[in-house]
Amino acid sequence: MKTTRRDFLKILGFTTLYVTLAACKGPVIESIPYIIKPEYITPGINNYYASTMFDGFDFGNVIVKTIEGRPIKIESNKDSKYFNTVSSRIQSSILSLYDNERLKYPSINKKKVSWAKLDNIIIKKLNTISNSNKKIVILTSSLPSPSTKQLISDFTKVYKNTHHIIYDAISYSSTLNAVNKVLGKRAIPYYDISNIELLISFDADFLGDWSPQNFHKIYSKRKKPNLSMINHIHLESHMSLSGANADLRITINPSKIYNLLIELYKAMKNNSNNKLAISLAKRIFKKGKKVLIIADGNKEMYEISLLINKKIKSNALKNGKFIFLKESNDKIVLNLINDLSKDKIGALLVFNTNPVYHFFDKKIKSYIKKIPLTISFAMKEDETSDFIKIWAPVPHWLESWGDYKPLTEMYSLRQPIIKKIFNNRQFENSLLEWIKKNPKHIKIKNIFLNLIKKKSKKKINYYDYLKFFFKKKIINKLNVNSFKKALFYGSLKIRDKKKTNKKFKKFKFAFKATKNNKFELRLYTKISMGDGRQYDNPWLQELPDPITRTTWENYLTMSFIDAKNLGIKNWNIGNGAMNGNCVNLFFNDIIIKNIPVYIQPGQSVGSLSLSFGYGRKKGKVAKQSRGVNAYALYKNFNLIQENIFLKKSEKIYKFSCFQLQNTTVGRNLLAKETNLNTYLNVNKNFWNKEDIIENKNINSNKITMWKNFKEKNGHHFNISIDLNKCTGCTSCVIACNSENNIPVVGKEEIRNFRDMHWLRIDRYYSTDKIPLKKKYKTNPLYEPFLYKSLLRPENKNPKIIFQPIMCQHCNNAPCETVCPVGATSHGKQGQNMMAYNRCIGTRYCANNCPYKVRRFNWFNYYNNKKFPFNLTSNLSRMVLNPNVVIRSRGVMEKCSMCIQMTQSVILKAKKEERKIQNNEFKTACSKVCPTNAISFGDINNKNSKIFKKKLENRSYKLLDFLGVKPNVFYQVKIRNLKKNKV
């Protein structure tokens, strides 16, 4: 049955049987709404619930938006002091709730069984193995849940010889061991950069996934252009998100970064001859406590950076806070593999991890096959579950209970927002069942289950266990007096009696310099894919990488010099799409064939980079997504691998890129920028000159066809985008997708430039050294020549600027004048409106738009088998926002300034008979932006933030010389380059 706009409500009401029934009942009884607790669900009214998202890799305190009982959007919990931003991955995780490929029932050897039968079989086998010499292993990712750890402890008392082993796909073991050695705590330090004026990063992508801590918010605050503005120096081999935002980026190979860090440590003791190290040391001594040094790589690099911070008594480490979200230990994991090879494991319970995919070793598969009892606690089939006999599927995090202690003095709760859609069972409930049904537990006094039984006669599940644990061990440390209030807030401050050791331990340190090799490989995580656990997520697959602007793939990044030596090229074909050569990679006994090569400006010569998370064969997107499994090269849990050899192959690869215009062609009128010294000391007319087409008779800003246009009546909405705060994190793109029902079109359509994103983040390269003639600097036709100059050795450190672009909602909109049917028109509140039912698809408006922000529906993307991503079933369509119309084939669509959200605020204030509060208006992008780079509001309200921003001297409008009078304006980017010659 095809879904039209008219049929949407019918489908929602009558055809989504089991999901709608579950959703209409609303959240489970114990769940507490965050804002209001309605007596019943009112159709069309949103409810909000506080919860916590943790999937083993990402963590966030969130607010879940629901309508008619079904979750439709993930937003940040602003009331939480920490972890109060939502990344692209956290927001996108909602798609997996409505995934038809989820496991729907328990099974043995892929044959459906009841939970009761499965429990009986498992308990008998566990008892047998427990009485033998073999081990029972519970293998999980990091699990910072106090109640779950207590439950696992209870399980080990009932089933002896049980071992809980924590294994993370991307190991933080080196970090944890280094911190434990220096600070006396096996945890990750929480860095407070609010009082830091100099940040030097040695290959630590802190705006990416270097730490579970989200730096974006506080980093952007410190980028405020003034005398105390943070100065960020970044040393790396490949272009990372942090490097792209640095004031000064230094390209250097991974091994040389390690050697330079050693030299810096020596220079701090006046014992180095390295000029760069001495220069950095002088800067550090000048700033003193207001400096933070961070490093990524091996254990020694973490130790050295911490020792330098100790010497200068860095303000960033004075808070005594630690993050407990990562717990892996490489030695224990390697011992597990050794035990597997020697048949010492009798039972393997795998939860929230995928060792077969991560280890990429055929031996692991054979080891798992030999184990007598194997249980997979997975939500979907994966590479590991194929080799496991018993499947005990688990629910989505939005259907589950849980608690977390992510940070010193912090406690978070997770509550289910919707009843379980399928016949699955939470991991903790399975462990409880296997404890309860084993008669041994009655004789054991020191387990929580027996304590609960004394006070409760009902059947006990994990919710009861969690609640009892909370009252017994947590509530006395909180400032709330009930479990319900704790759920209401979601995240709470906890009084921790254990004092952390703030003193640095003394120890001997031996430096080992490394040697250069043929190629050094730097493995990294993409902002979209992370460690790959959300590989099957269409939103994330189609999310453009902020640096390379590619989708649906990973690739080797390489410098222009290395590419030239190997005969590797990237080129554009007739329709503008990009193709490139491939290589075969040789590493020890591993051969990976036909890896595409992306020639990356700013890549150090002799180095390569490859992202994790691709190369999986399971899931609905596997046929579309391209890439290789980088875990095959992740030997000994090292992000840097040496002795890599390449050979050009004959294969030609077809990239799917969003953006092929890489520079502003020397024009400082698109993404404007200047340095801090110029900003503070030179008149605005020099660095932010107004762009107009003007002669004696014409001023473009005074020409208008709308003589009666009045923007002072009622509300008039504007958007402000601060280029100094935008880090290119892409959270706004996913928020826009989620709020406005934007379809996924797939790899091939991206290559045809038929993407549907209403909001994009343009990335531009720039450099101070352009070794070309003057004509190349100003003529757009010479973009390829200018781009090649960026790839030359003398320009190895190009600067990057990110510029979010959406419909500019022009007051003199050129799209409105050419539409033959009046489908696009101007609203009284400043929004450029679209009447989709009137649009006949002439695309005149798109041709006449100077910003190229209009999207044309070439196909019906909804319920279309040609686009089998996330909206081809009744279940998957449950994620749609009913407040936004579904667009059909043959119409134009674009940013609406989230008119449904602005009208909701107006109607709510009218109903409550009150004035609209300052800064109450929000759009999806402004609400989710972790750095507050995007601001939205009523320009006619002189007390609003947007009005004040428009008066700032950094304010300018994009292509304002065209006279279109956009309602979106930008703030000039300021780089702290005053004394950055090192």
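Keep in mind that this is a model prediction, so the values were computed, not measured.

Draft legend 1. Broad picture of the overall build of the chain. Check the secondary structure of the chain and you find 31 helices and 39 strands. Residue burial in the chain is summarised as follows: out of 982 residues, 63% are buried. Of all intrachain contacts in the chain linking residues separated by at least 6 positions in sequence, the fraction that spans at least 24 positions is 74%. Surface accessibility of the chain: about 41000 Å² in total, with carbon and sulfur atoms responsible for 51%.

Draft legend 2. Focus on the pairing of strand S2 (residues 59-67). Of all nine residues in S2, nine are buried; the element is thus mostly enclosed. Neither face of S2 is left uncovered, since the one carrying Phe59, Asn61, Ile63, Lys65 and Ile67 and the one carrying Gly60, Val62, Val64 and Thr66 both have all their residues buried. Two strands pair when backbone bridges link them, and strand S1 (residues 46-54) and S2 are joined in this way by nine bridges, in the antiparallel orientation. Note on S2: the bridge partner recorded for Asn46 is Ile67. Counting the residues that bridge the hairpin from S1 to S2 gives four residues, and of these Gly56 lies at a positive phi of roughly 100°.

Draft legend 3. The arrangement of the pairing of strand S25 (residues 607-611) in detail. Of all five residues that make up S25, five are buried, and the element is covered over most of its length. Burial along S25 is two-sided: the residues Ser607, Ser609 and Ser611 and Leu608 and Leu610 are all buried. Two elements, strand S20 (residues 520-524) and S25, share five bridges in a ladder whose sense is parallel. Bridged to Arg522 within S25 is Ser609.

Draft legend 4. Layout of the sheet that holds strand S37 (residues 955-956). Read across the open sheet, the four strands follow the order S36-S29-S38-S37; overall the sheet is mixed. Strand pairing shows two members of the sheet lacking a second neighbour, strand S36 (934-938) and S37, which therefore form its edges.

Draft legend 5. Quick look at the sheet that holds strand S5 (residues 111-112). The mixed open sheet is built from seven strands, whose spatial order is S5-S4-S16-S15-S14-S6-S7. Lying at the two open borders of the sheet, with one neighbouring strand each, are S5 and strand S7 (162-166). As paired strands, strand S6 (residues 135-140) and S7 are joined by five bridges and run parallel to one another. Its bridge partner being in S7, Ile136 is matched across the sheet by Thr162. Set on the sheet, helix H4 (residues 115-130) makes contact with strand S4 (107-108), S6, strand S14 (345-351), strand S15 (373-377) and strand S16 (390-391); between it and S15 the angle comes to about 130°.

Draft legend 6. Representation of the environment of Tyr404 in the model. Within the element layout of this structure, Tyr404 appears in strand S17 (residues 402-404). As a C-alpha pair, Tyr404 and Phe59 span 345 residues in sequence and 9.8 Å in three-dimensional space. In this structure Tyr404 touches Thr52, Phe54, Phe59, Pro144, Ser145, Pro146, Met410, Tyr411, Ser412 and Arg414, once residues within four positions along its chain are discounted. Within polar-contact distance, the side chain of Tyr404 engages the side chain of Arg414 at 2.6 Å.

Draft legend 7. Region of interest: the packing of helix H9 (residues 254-267) against helix H11 (residues 299-312). One way to put it is that H9 packs onto H11 with a least axis distance of 10 Å and a crossing angle of 30°. Viewed along their axes, H9 and H11 adopt a mutual orientation that is roughly parallel. Between H9 and H11 the crossing geometry is left-handed. Taken together, the residues of H11 that come into contact with H9 (itself represented by Ile257, Tyr258, Leu261, Ile262, Leu264 and Tyr265) are Glu300, Met301, Ile304, Leu307 and Ile308. Partitioning the contact of H9 with H11 into residue classes produces ten nonpolar, no polar and one charged.

Draft legend 8. How the structure looks around the packing of aromatic side chains. A complete count under the given rule lists 41 aromatic pairs for this structure. Ring geometry for Phe59 and Phe83: centres 5.1 Å apart, planes at 75°, overall edge-to-face. Here the residue Phe59 occupies a position in strand S2, and Phe83 occupies one in the loop between strand S3 (70-76) and helix H3 (88-92), the gap between them amounting to 24 residues. We note that Phe59, like Phe83, is buried. Site record: aromatic cluster; members linked through ring pairs are Tyr191, Phe206, Trp210, Phe215 and Tyr219. The lysine or arginine in question, Arg616, covers the ring of Tyr357, its NZ or CZ lying 5.2 Å from the ring centre. Sitting over the ring of Phe856, Arg843 keeps its end group 5.1 Å from the ring centre.

Draft legend 9. The environment of Leu639, seen in detail. By the element assignment, Leu639 lies in the loop between S25 and strand S26 (640-641). Once residues lying within four places of it in the same chain are set aside, the contact partners of Leu639 are Asp296, Leu521, Arg522, Leu523, Phe612 and Tyr634.

Draft legend 10. Highlighting unusual backbone geometry. One non-glycine residue, Asn161, lies in the positive phi region at around 65°. Relative to the helices and strands, Asn161 is located in the loop between helix H5 (146-158) and S7. With a phi close to 60°, Asn863 is a non-glycine residue in the positive phi region. Assignment of secondary structure puts Asn863 in the loop between strand S34 (855-856) and strand S35 (892-893). For Asn863, a relative accessible area of 19% puts it in the buried group.

Draft legend 11. Local environment of a nonpolar patch on the surface. A cluster of nonpolar residues, Trp571, Ile573 and Ile652, forms a patch on the protein surface that exposes about 230 Å² of accessible area. Examined against the element boundaries, Trp571 turns out to sit in strand S22 (residues 570-572).

Draft legend 12. Just the state of the cysteines, in detail. For the structure shown, the criterion picks out zero disulfides. We note that Cys839 lacks a disulfide partner, and the nearest cysteine sulfur, in Cys845, lies 6.3 Å from it.

Draft legend 13. Inspection of helix H6 (residues 173-183) at higher detail. Residues of H6 that are buried: Ser173, Thr175, Leu176, Ala178, Val179, Val182 and Leu183. Tucked inside the fold, the buried residues of H6 contact strand S8 (188-189), H11, strand S13 (322-323) and helix H12 (330-341). Immediately beyond the C-terminal end of H6, within one or two residues, lies Gly184, with a positive phi of roughly 80°.

Draft legend 14. Region of the structure containing the packing of H4 against helix H15 (residues 427-436). One way to put it is that H4 packs onto H15 with a least axis distance of 10 Å and a crossing angle of 65°. In this structure, H4 meets H15 at a crossing whose hand is right-handed. Contacts from Trp115, Leu118, Asp119, Ile122, Ile123 and Leu126 of H4 reach H15 at Ser430, Glu433 and Trp434. Residue composition of the contact of H4 with H15, by class: six nonpolar, one polar and two charged.

Draft legend 15. The arrangement of the environment of Pro538 in detail. Note on placement: Pro538 falls in helix H19 (residues 538-541). Discounting chain neighbours no more than four positions away, the residues touching Pro538 are Leu95, Lys620, Val621, Val744, Phe869 and Asn870.

How each quantity is defined
- Residues numbered from 1 in each chain as written.
- Predicted model: local features only at pLDDT ≥ 70, side-chain atom pairs only at ≥ 80, totals over all residues.
- Heavy atoms only, no water.
- Helix = DSSP H or I, 4+ residues; strand = E, 2+ residues; numbered from the N terminus.
- Buried < 20%, exposed > 50% of the residue type's maximum accessible area, 1.4 Å probe, protein only.
- Contact = heavy atoms within 4.5 Å.
- Areas by Shrake-Rupley, 256 points an atom, 1.4 Å probe, with all protein chains shown as cover.
- Pairing = 2+ DSSP bridges.
- Axes fitted to C-alpha atoms, helices over the stretch in contact; angles between N-to-C directions.
- Polar contact = N/O pair within 3.5 Å; in protein donor to acceptor, adjacent residues only side chain to side chain.
- Parallel < 35°, antiparallel > 145°, perpendicular 65-115°, else oblique.
- Left-handed = near helix turned anticlockwise from the far one by under 90°.
- Nonpolar A, V, L, I, M, F, W, Y, C, P; charged D, E, K, R; others polar.
- Phe/Tyr/Trp six-rings, centres within 6.5 Å; stacked < 30°, edge-to-face > 60°.
- Lys NZ or Arg CZ within 6 Å of the ring centre and 35° of its normal.
- Patch = residues over 30% accessible without salt bridge, like charges linked within 9 Å, V, L, I, M, F, W, Y side chains within 5 Å.
- Salt bridge = Lys/Arg side-chain N within 4 Å of Asp/Glu carboxyl O.
- Disulfide = S-S within 2.5 Å.

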